[in-house]
Amino acid sequence: MHPAIWLMTDRFAPGDRVRTSSRDPEWHTRLPRYTRGVVGEVVEVAGHHPLADDRARGRSGREQAVYHVRFAAADLFGDGTHSVTVELWEDYLEPAADHEREMTA
Amino acid sequence: MSRINDVGGMVGFPAVLEEPDEPPFHADWEAHVLALNAALIRRGVYNLDEFRDAIERMPPADYLAASYYERWFAAITTLLAAKGVATAAELAGQEGLPTAADPVAPSDLADD
Amino acid sequence: MSGDHGSAAIAGRVRHVEALLEQRGLLDDGEIDRRIDEFLAGGSPINGARIVVRAWLDAGFHDRLLADANATIREVGLSMAGGLQEQRLKVVANNEQEHNVVVCTLCSCYPIALLGPSPSWYKSEAYRSRVVRDPRGVLHEFGLKLPADTRISVWDASAESRYMVVPRRPTGTDGFSESELVGLVTRKGLIGTAAV
C-alpha cells in the first residue's frame, strides 16, 4: 500500500487510549495473553505490516499499522509500578471507552 | 487458544540462569538447524509466521522438554511434511535415502 | 549437552534432512556452511557497544538514534539489513529516572543481524515469563539493584521492531578513549539486564 494511504487509514495516534482484544484465537497471534482485554496508551506508530495471524495461515494479509502500546503493570497484573510496552497490530485494538480514556496510566 | 509459548506473566518458572562465556551454538547441529531454517524461508517454502506457528503447536510437554533448537528442528520437519516437500517417514529416515552420496561427511557434523 | 547421545541422535537427523533437501533441489551444495559462516561473521555485541559509545559522546547522534535508529546507525557503518529483510530497530536510553529492559515473551525476537545471537537465558521461559511481571526481581537476580524510585520500562518485542538499550555512561570514565568506553559495554547492558 502507498504510504499516503497508510497515513489516511491509521486508526490510532500517539496519546490514544486503546483496549486490546480479549479474543483467544485458535491460530497464531502476536497479542500475548497477558495483554488481552487491557487498556493502554499508544506511544508510537511502528510501521505497517501484514497481520501475523494472516501470514501464519498462508494468507497475504492486509497491511496495517503496528503500534507501541504502553500498559501499566497494575493494569496487567493487579500490582507493580513498572510499565510494559508491547508492539501490537491495529486489528488487536479498539478505542478505549470514554470512561477508560479519562483514567491515567 | 493460548499456546505454550505464550508465557509472559506466568508464575512458577525458576530463577534466570546465565551461562558464563556461552558460545553461539552448543553443537554443530544447532548451527545447521538455524541455517536450514533461513534457507527454507528465503526459498519461500514457508514464512517466518508459519515457522513460529509450527513451534507453538508443539504439545506443551514436548515444547517445555525441548531445547531451543530442538523446537526449531521439530517445526522445520512439521512444515516440510505439511507443505508436501517430503513425507514424515522420509524426514525421519524410515524409507532411507536413494544412493546419492551423502554430501556432508559425518565427521564435519560431529558434536564438539 | 555436547557429545551426549541425544545430541548425536539429533545431529544425525538434521544431517539426513539436509541431504534429503539437497536431493530435492531445495538446498544448494555448501549453502548451509556458507550461511553459518555469514551468520557468525555478522552481528556482534561490539556493534551495539560502538553505537552506545557514539551516543554517549555525541548528543546529536543520541537524539537521532532514539528518533530513527535504522537511519542513524548507518552513520557508523552499521545496519539492520543483515537478516532476511531490514528490520526496524527501536533504541531506548536509560537515564537517572528510567531503566529499560527488553524481552520477547512469545518467542525470542532479538536484533540478531546487528548484535549476533542472543544468550540462552534471553530465550528461556524463566526470563520471558517473569521479567514482564517482576522486572525488579529479575534484574536483582542479574545483580542489578536499581534505586527504589527508578522507573522500569519493559519492552516486549512482540511484532516487527527489534530493541536495543543505551545504558548510562558509568561515572569516572571522563578520560576514557572511545575504544576503552566500547570495552565497558556488555551484551546484557544492551538488553537491559546489566547497568552497562
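### As for the overall build of chain C
Helices and strands together make up the secondary structure of chain C, namely eleven helices and four strands. Projected onto its principal axes, the C-alpha coordinates of chain C cover approximately 60 × 35 × 30 Å. The burial tally for chain C puts 56% of its 196 residues in the buried class. Pairs at least 24 apart in sequence give 67% of the contacts found in chain C among residues at least 6 apart. Looking at charge distribution, chain C has the averaged site of its 23 positive side-chain charges lying 4 Å from that of its 25 negative ones.

### Quick word on the layout of surface pockets
Of the voids in this model, the second largest pocket is the one considered here, and its volume is about 590 Å³. Around the second largest pocket, the lining comprises 29 residues; the ones closest to its centre are Tyr68 of chain B together with Ser120, Trp121, Lys123 and Ser124 of chain C. Within the residue set of the lining of the second largest pocket, elements represented by two or more residues are helix H4 (68–82) of chain B together with helix H7 (120–123) and helix H8 (125–130) of chain C. Among the residues forming the lining of the second largest pocket, the class breakdown is 16 nonpolar, five polar and eight charged.

### Re empty space enclosed by the protein
If you walk through the whole model with that rule in mind, you get one cavity of 30 Å³ or more. For the largest cavity, the calculated volume is near 60 Å³. Lining the largest cavity are ten residues, and of these Thr29 and Arg36 of chain A together with Arg3, Asn5 and Asp6 of chain B sit closest to its centre. Looking at side-chain class alone, the lining of the largest cavity contains three nonpolar, three polar and four charged residues.

### With respect to unusual backbone geometry
As a rule of thumb, non-glycine residues mostly have phi less than zero, and peptide bonds are mostly trans rather than cis. Residue and element names in this part refer to chain B. Of note, the phi angle at aspartate 21 is positive, near 50 degrees, even though the residue is not glycine. Tracing the sequence through the fold places aspartate 21 in the segment before helix H1 (28–42). For aspartate 21, a relative accessible area of 78% corresponds to the exposed category.

### Points about the interface of chain B and chain C
Counting residues at the interface gives 60 residues for chain B and 57 residues for chain C. A combined buried area of about 5,100 Å² lies between chain B and chain C, and 63% of that area is made up of carbon and sulfur atoms. Linking chain B with chain C are five salt bridges. With a closest N to O distance of 3.3 Å, aspartate 28 of chain C and arginine 43 of chain B form a salt bridge.

### Side note on the packing of aromatic side chains
Applying the stated criterion across every chain, the model contains 17 aromatic pairs over all chains. Chaining the aromatic ring pairs together yields one cluster made of Phe25, Tyr46, Phe51, Tyr68, Tyr69 and Trp72 of chain B together with Phe39 of chain C. Positioned over the ring face of tryptophan 27 of chain A is arginine 57 of chain A, at 3.9 Å from the centre of the ring. A cation over an aromatic ring shows up here: arginine 71 of chain B above the ring of tyrosine 63 of chain B, its NZ or CZ 3.7 Å from the ring centre.

### Re the domain arrangement of chain C
In terms of domains, chain C is made up of domain 1 (5–40) and domain 2 (43–191). On a C-alpha basis, the centres of domain 1 of chain C and domain 2 of chain C stand 32 Å from each other.

### Considerations on the side chain of asparagine 94 of chain C
Residue and element names in this part refer to chain C. Note on placement: asparagine 94 falls in the loop between strand S1 (88–93) and strand S2 (98–103). A polar atom in the side chain of asparagine 94 sits 3.3 Å from the side chain of histidine 99. In this structure, asparagine 94 is in contact with His99, Asn100, Val165, Val166, Pro167 and Arg168, ignoring residues within four places of it in sequence.

### Brief notes about the interface of chain A and chain C
In this assembly, 21 residues from chain A lie in contact with 21 residues from chain C. Looking at the side of chain A facing chain C, the largest losses of area belong to Arg30, His82 and Glu87 of chain A, adding up to 32% of the total buried there. Here chain A and chain C share three salt bridges between them. Of the charged contacts in the structure, one is a salt bridge between glutamate 44 of chain A and arginine 88 of chain C, with a shortest N-O distance of 2.2 Å. At the boundary of chain A and chain C, one finds 16 residue pairs in polar contact (both at pLDDT 80 or more). Of all elements in the fold, only strand S2 (39–50), strand S3 (63–72) and strand S4 (83–89) of chain A reach the threshold of two or more residues within the side of chain A that touches chain C.

### Remarks on the nonpolar core
Ranked by internal contacts, the top residues of the largest apolar core, which has 75 residues, are Ile51, Leu65, Leu114, Tyr127 and Met164 of chain C. Residues in contact with leucine 114 of chain C, not counting those within four places in the same chain, are Gly43, Ser44, Asn47, Ile51, Ile73, Leu78, Ser79, Met80, Leu89 and Met164 of chain C. Within the second largest apolar cluster, 42 residues are counted, among which are Trp29, Leu34 and Ile76 of chain B together with Ile32 of chain C.

### Focus on the environment of arginine 13 of chain C
Mapped onto the fold, arginine 13 of chain C is located in helix H1 (residues 5–23). Placed 178 residues apart in sequence, arginine 13 of chain C and isoleucine 191 of chain C show a C-alpha to C-alpha distance of 34 Å.

### A closer look at the environment of valine 182 of chain C
All names here are of chain C. As for its position among the elements, valine 182 is in helix H10 (residues 178–182). Residues valine 182 and asparagine 47, spaced 135 residues apart in sequence, show a C-alpha to C-alpha distance of 9.3 Å. Setting aside residues no more than four positions away along its own chain, valine 182 makes contact with Ala49, Arg50 and Val53.

### Some thoughts on the pattern of salt bridges
Evaluated as defined, the whole model comprises 25 salt bridges over all chains. Between glutamate 31 of chain C and arginine 43 of chain B there is a salt bridge, and its shortest N-O distance comes to 2.9 Å. Of this pair, glutamate 31 of chain C sits in helix H2 (residues 31–41) while arginine 43 of chain B is found in the loop between H1 and helix H2 (48–56), placing the two residues in two different chains. Judged by relative accessible area, which is 2%, glutamate 31 of chain C ranks as buried. Assessed through its relative accessible area of 31%, arginine 43 of chain B is described here as partly exposed. Residues participating in the shared-partner salt-bridge network are Arg3, Asp53, Glu56 and Arg57 of chain B.

Conventions we followed
- Counting restarts for each chain: residues are numbered from 1 in the order of the written sequence.
- Just so you know, chain letters begin at A and ligand numbers begin at 1, following the order they were written in.
- Per-residue local features of the predicted model are confined to residues with pLDDT of at least 70, and side-chain atom pairs are confined, for both listing and counting, to 80 or more; whole-chain, interface and lining totals are unaffected and use all residues.
- Heavy atoms from the whole structure form the basis of all side-chain values; hydrogens and water molecules are not counted.
- Note on conventions: DSSP H or I runs of at least 4 residues are helices, E runs of at least 2 residues are strands, and numbering of each starts at the N terminus.
- A 1.4 Å probe rolled over the protein chains alone gives each residue an accessible area, and that area as a share of the maximum for its type sets the label: buried under 20%, exposed over 50%, partly exposed in between.
- Whether two residues touch is decided by their heavy atoms; if any such pair falls within 4.5 Å, the residues are in contact.
- When charges are counted, neither His nor the chain ends are considered; positive counts come from Lys and Arg and negative counts from Asp and Glu.
- One atom stands in for each charge, and that atom is NZ of Lys, CZ of Arg, CG of Asp or CD of Glu.
- The way it works is a 1 Å grid over only the protein atoms, where trapped points that fit a 1.4 Å probe form a cavity and open points with protein on both sides within 12 Å along at least five of seven lines form a pocket, and then any residue with an atom within 4 Å of a point lines it.
- Grid points are joined across faces, edges and corners, and a volume is the space filled by probe spheres set on the points.
- Side-chain classes are defined by residue name, with Ala, Val, Leu, Ile, Met, Phe, Trp, Tyr, Cys and Pro counting as nonpolar, Asp, Glu, Lys and Arg as charged, and the others, Gly among them, as polar.
- Joining two parts hides part of their accessible area as seen by a 1.4 Å probe, and the buried area is that hidden amount summed over both.
- Throughout this description, the term salt bridge denotes a Lys or Arg side-chain nitrogen within 4 Å of a carboxyl oxygen of Asp or Glu.
- Pairing of aromatic rings covers Phe, Tyr and the six-membered ring of Trp, with a centre-to-centre limit of 6.5 Å; geometry is then stacked below 30 degrees between planes, edge-to-face above 60, and tilted otherwise.
- Whether a charge sits over a ring depends on NZ of Lys or CZ of Arg being within 6 Å of the ring centre and within 35 degrees of the ring normal.
- All domain edges in this entry derive from an automatic or database-based domain assignment.
- Polar contacts, as used here, are pairs of N or O atoms within 3.5 Å; protein pairs need one atom able to donate a hydrogen and one able to accept it. Residues neighboring in sequence count only if both atoms are side-chain atoms.
- Here, nonpolar core means buried Ala, Val, Leu, Ile, Met, Phe, Trp, Tyr and Cys residues that are tied together by side-chain atoms lying within 4.5 Å of each other.

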